[in-house]
Amino acid sequence: MFEQDEDLRRNELIRKIEHSVENLSLPELEALYYDMLTKDYIR
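The structure reproduced in this document is the subject of the present report. (Residues numbered from 1 in each chain as written. Predicted model: local features only at pLDDT ≥ 70, side-chain atom pairs only at ≥ 80, totals over all residues. Heavy atoms only, no water.)

## Considering the overall build of the chain
Piece 1. The helix and strand inventory of the chain stands at 2 helices and 0 strands.
Piece 2. Principal axes of the C-alpha set define a box for the chain whose edges measure 40 × 25 × 10 Å.
Piece 3. Taken across its 43 residues, the chain has 0% of its residues classed as buried.
Piece 4. Carbon and sulfur atoms make up 57% of the accessible area of the chain, which amounts to about 4300 Å² in all. (Helix = DSSP H or I, 4+ residues; strand = E, 2+ residues; numbered from the N terminus. Buried < 20%, exposed > 50% of the residue type's maximum accessible area, 1.4 Å probe, protein only. Areas by Shrake-Rupley, 256 points an atom, 1.4 Å probe, with all protein chains shown as cover.)

Structure follows, in structure tokens:
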């Protein structure tokens with residue numbers, strides 16, 4: 001049950017992040033990419 005709740009929350013967060021990212025300008029996307037890269041979220 002807890003794992004299912006965690007999966008639902010994870011999917012909800014992914015949808016919100018995807019929606020937000022779709023509305024970013026190119027410079028904002030580049031800044032986000034660089035930030036995520038330097039924090040090792042993107043490999």
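From this point on, the discussion continues.
## Let's talk about a negative patch on the surface
Piece 1. A cluster of like negative charges, contributed by Glu3, Asp5, Glu6 and Asp7, occupies part of the molecular surface.
Piece 2. With respect to the helices and strands, the residue Asp5 is situated in helix 1 (residues 2–22).
Piece 3. Using a relative accessible area of 41% as the deciding quantity, one classes Asp5 as partly exposed. (Patch = residues over 30% accessible without salt bridge, like charges linked within 9 Å, V, L, I, M, F, W, Y side chains within 5 Å. Salt bridge = Lys/Arg side-chain N within 4 Å of Asp/Glu carboxyl O. Lys, Arg positive; Asp, Glu negative; His and termini not counted. Charge placed at Lys NZ, Arg CZ, Asp CG, Glu CD.)

## Quick look at unusual backbone geometry
Piece 1. Look at Asp40: it is not a glycine, yet its phi comes out positive at around 65 degrees.
Piece 2. Take Asp40: it is sitting in the segment after helix 2 (26–38).
Piece 3. On the basis of relative accessibility, which here comes to 42%, the residue Asp40 falls in the partly exposed class.

On their own, these measurements won't tell you what the molecule is for.
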